[in-house]
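# Coordinate inspection notes
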Amino acid sequence: MKKTFKILIAVALFSVLQFSVSHAQDAEYNLIRRTYKVNGDGTTDISYRKEIKLLRNRAITAYADKGETFILYNPAIDQLTINESYTIRKDGSRVQTPANAFIDQLPSQCENCGRYNGIRERVVVHTALEYDCIVVLDYTIHRKGTYLDEEIILSKDCPVKKYEVIFDTPESRGNYDINFSEWVDSDKIKVLKDDHTFHCVANNLPQTYNDSYLPDALYPTIHLSFKPNTPAFVCGTGDVDLEAKIGSAAANLIGELHDNNPLTYVTNIRDYVIDNIRTTDFPMSLVNYEISSPTETFLSACGTPADKEWLILALIREAGFKASKQDHRIIVTVNENGNNMDYILSTTDKRPPRLDGAAVDEQRTIEIEQSIPWTGENIGGGYGQMTLPTERGSININPARLTSNRKAPIKIRNCNEKYHYTLNVPTRATLVKPVNISYTKAGIGNIKICIKQLDNGTIDVVRELNIDVEHGIVTPKQYKAFRQMMQDWGVNRTITIKQ
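How each quantity is defined
- Residues numbered from 1 in each chain as written.
- Predicted model: local features only at pLDDT ≥ 70, side-chain atom pairs only at ≥ 80, totals over all residues.
- Heavy atoms only, no water.
- Helix = DSSP H or I, 4+ residues; strand = E, 2+ residues; numbered from the N terminus.
- Buried < 20%, exposed > 50% of the residue type's maximum accessible area, 1.4 Å probe, protein only.
- Contact = heavy atoms within 4.5 Å.
- Areas by Shrake-Rupley, 256 points an atom, 1.4 Å probe, with all protein chains shown as cover.
- Lys, Arg positive; Asp, Glu negative; His and termini not counted.
- Charge placed at Lys NZ, Arg CZ, Asp CG, Glu CD.
- Pairing = 2+ DSSP bridges.
- 1 Å grid on protein atoms, 1.4 Å probe; cavity = no way out; pocket = protein on both sides within 12 Å on 5 of 7 lines; lining within 4 Å.
- Points joined across faces, edges and corners; volume = space filled by probe spheres on them.
- Nonpolar A, V, L, I, M, F, W, Y, C, P; charged D, E, K, R; others polar.
- Salt bridge = Lys/Arg side-chain N within 4 Å of Asp/Glu carboxyl O.
- Core = buried A, V, L, I, M, F, W, Y, C linked by side-chain atoms within 4.5 Å.
- Axes fitted to C-alpha atoms, helices over the stretch in contact; angles between N-to-C directions.
- Phe/Tyr/Trp six-rings, centres within 6.5 Å; stacked < 30°, edge-to-face > 60°.
- Lys NZ or Arg CZ within 6 Å of the ring centre and 35° of its normal.
- pLDDT = per-residue confidence, 0-100.
- Disulfide = S-S within 2.5 Å.
- Patch = residues over 30% accessible without salt bridge, like charges linked within 9 Å, V, L, I, M, F, W, Y side chains within 5 Å.

## Side note on the overall build of the protein chain
When helices and strands are tallied, the protein chain shows eight helices and 32 strands. Overall, the protein chain is about 85 × 65 × 45 Å in size when its C-alpha atoms are taken along their principal axes. Buried positions account for 44% of the 499 residues belonging to the protein chain. Summarising the internal contacts of the protein chain: among those between residues at least 6 apart in sequence, 73% fall at separations of at least 24. Of the roughly 25,200 Å² of accessible surface on the protein chain, 46% is carried by carbon and sulfur atoms. Between the mean site of the 58 positive side-chain charges and the mean site of the 62 negative ones, the protein chain shows a separation of 6 Å.

## Remarks on the sheet that holds strand β32 (residues 494-498)
Read from one edge to the other, the open sheet built from four strands follows the order β23-β24-β32-β27, with strand pairing classed as antiparallel. Of all the strands in the sheet, the pair left with one neighbour each is β23 (377-380) and β27 (430-431). Pairing geometry for β23 and strand β24 (residues 383-387), over three bridges, is antiparallel. If you follow N378 over to β24, its bridge partner there is G384.

## As for empty space enclosed by the protein
For the structure on display, the rule yields two cavities of 30 Å³ or more. Considering the residues around the second largest cavity, the lining is formed by T44, I46, R143, G145, Y147, L148, S285 and Y289. The class makeup of the residues in the lining of the second largest cavity is four nonpolar, three polar and one charged.

## Quick word on the pattern of salt bridges
For side chains bearing opposite charge, pairing can occur when the charged atoms are close. By the definition in use, this model includes 17 salt bridges. Between R270 and D271 there is a salt bridge, with its nearest N and O atoms 2.6 Å apart. Residue class for D271 comes out buried when judged on its relative accessible area of 17%. Across the pair D275 and K350 runs a salt bridge, and its minimum N-O distance is 3.0 Å. Taken together, the positions of D275 in helix α5 (residues 262-276) and K350 in the loop between β20 (339-346) and β21 (354-355) put the pair 75 residues apart, joining distant regions of the chain. Overall, D275 belongs to the partly exposed group, its relative accessible area being 49%. Ionic contacts of the salt-bridge type, sharing partners, join the residues R49, E51, E84 and D138 into one network.

## Describing the nonpolar core
Within the largest apolar cluster, 40 residues are counted, with the highest numbers of intra-cluster contacts made by L154, Y163, F198 and L224. Among the elements that make up this core, the one with the highest residue count is strand β2 (residues 27-38) (five residues). Setting aside residues up to four positions removed in sequence, L154 forms contacts with V160, Y163, V165, I189, A202, L205, P220 and I222. Of all hydrophobic cores here, the second largest spans 37 residues; its members include I444, I459, L465 and M485.

## A few points about the sheet that holds strand β29 (residues 445-453)
Backbone hydrogen bonds are what pair the strands of a sheet, in a parallel or an antiparallel way. Strand order in the open sheet formed by five strands is β22-β26-β30-β29-β28, and the pairing between neighbours is mixed. Edge positions in the sheet fall to β22 (365-373) and β28 (435-441), since each has one partner strand and no second. For this sheet the average axis-to-axis angle between neighbouring strands, irrespective of direction, equals 5°. Where strand β26 (residues 415-424) and strand β30 (residues 459-467) come together, nine bridges link them in antiparallel fashion. Looking at β30, one finds that L423 is bridged to I459. Running over the sheet, helix α8 (residues 476-491) touches β26, β28, β29 and β30 and is turned about 155° from β30.

## A closer look at the packing of aromatic side chains
One pass over the full model with this rule turns up eight aromatic pairs. Centroid distance Y147 to Y289: 4.8 Å. Interplanar angle 65°. Geometry classified as edge-to-face. In this pair, Y147 is assigned in the loop between β9 (134-144) and β10 (148-153) and Y289 in the loop between β16 (278-279) and α6 (294-300), connecting sequence segments 142 residues apart. Exposure remark for Y289: the relative accessible area of 8% places this residue in the buried category. An aromatic cluster is built from Y419, Y421 and W489, whose rings are joined through pairwise contacts. Directly above the ring of W489 sits R463, whose terminal nitrogen or CZ lies 3.8 Å from the centroid.

## A word on the confidence of the model for the protein chain
In the predicted model, the protein chain carries a mean pLDDT of 88, and the fraction of residues at 70 or more is 90%. Below pLDDT 50 for its whole length, residues 1-23 participates in 58 contacts with residues either more than four positions away or in separate chains. Confidence over residues 231-238 falls short of pLDDT 50; this stretch has eight contacts with residues more than four positions distant or in other chains.

## Some thoughts on the state of the cysteines
Note on terminology: a disulfide is the covalent bond linking the sulfur atoms of two cysteines. Enumeration according to the criterion identifies one disulfide in this entry. Free of any disulfide, C110 has its nearest cysteine sulfur in C113, 7.5 Å distant. Overall, the relative accessible area of 1% leaves C110 in the buried class. Unpaired in terms of disulfides, C450 finds its nearest cysteine sulfur in C415, a separation of 20 Å.

## Focus: a nonpolar patch on the surface
On the surface, a nonpolar cluster with roughly 250 Å² of combined accessible area is contributed by I379, Y383 and V432. Its place among the elements puts Y383 in strand β24.

This is the structure in structure tokens:
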């Protein structure tokens, strides 16, 4: 049995970092329990229980996941059973959910994609909701098949008093990982040694952040997996040959997207799939982790993110390129001046290809020196304003989204940007407000902004920004200084003149 514990705890930060509560606490979970049982007969039972206390009106009226519950299941492989559903009112009385409060509908993720029209979403409309009531729901999905690949984020958008995860597999063959975040108290999470393959209990978890620019691995996460003990089993492939070329089905498209520049050619193919193949984004467990053939995805013009990745790969290969797939990206070989170069092509967004092996941080080094014309607008009273251009790849932090009080860390890509512009303004125009800012913040970086009018009437603009924070994370202790730097950088992009 594989047991992997990844504990990432920064002791220096541990005592001072707490979850920010930047939005009101509208509800709290008394209990969330997830149970996964892999049976010996080739089936899996997945049970979910929640007991949530509604504290404010917004939890009842504004949040669909509080006043209603949405359960995704596939009748072709799943049997859904509602074990319990009722509301405990403030006076202690219990109101059973009526039969007409259970509604099956087509999930929005499956619209306009015929092969997924059999998937259903069971809507449970909770009743007798009032302040301080407790909604109780318990259901089980009995699934054909035993392959399991589940990721559970323990933190929710309101506090959780108790979160329990139970995992049982034949002969204790299940695998599991626990990833703690350095921003949460790991003592709140305990792994119990009992008769279960895995049993974890978390207590008094604070709610998630409601801030911008959050790091990825911010909340404690549990990953459960189980693979059938059959040598012939390969997840996702089934009877579909994923290596097969898409052939004549896309021949015309390949011709339409052709470009003499090979990088532009493969980018055109990727962008076409992103723009024109509708994404049906639901848990892969609903289709037993099976991936559709590239031909089926292309002809139906829809598919899961995994389906679209394989379609991009098939189209690029059909166009004559050597390519392979790796974790939401395509590695494609392009001949440049007689040399074969490998480029990384994202399958999730339309960012430009990146040379394989090139350091990402090096691409954030920007040096611009140029003369630009005045393209500002009149703002009345004889004044004009112009915003300096934004270069591709420059820092993308909006100061307006950085609140005055914040306890959450910020994820950022370090950068080194230097700009020198000569701004040719109208004759006899004068700069309204010269700027001269230069300072360094330890552990964060430095900034320099100098905007002045020269004797010949042109406006000289020097803007330099260097951000170099450890691991690309601005800690709560660094936040105030970082926010001030971003405000100075953003405000001083606008030049005002008197005409």
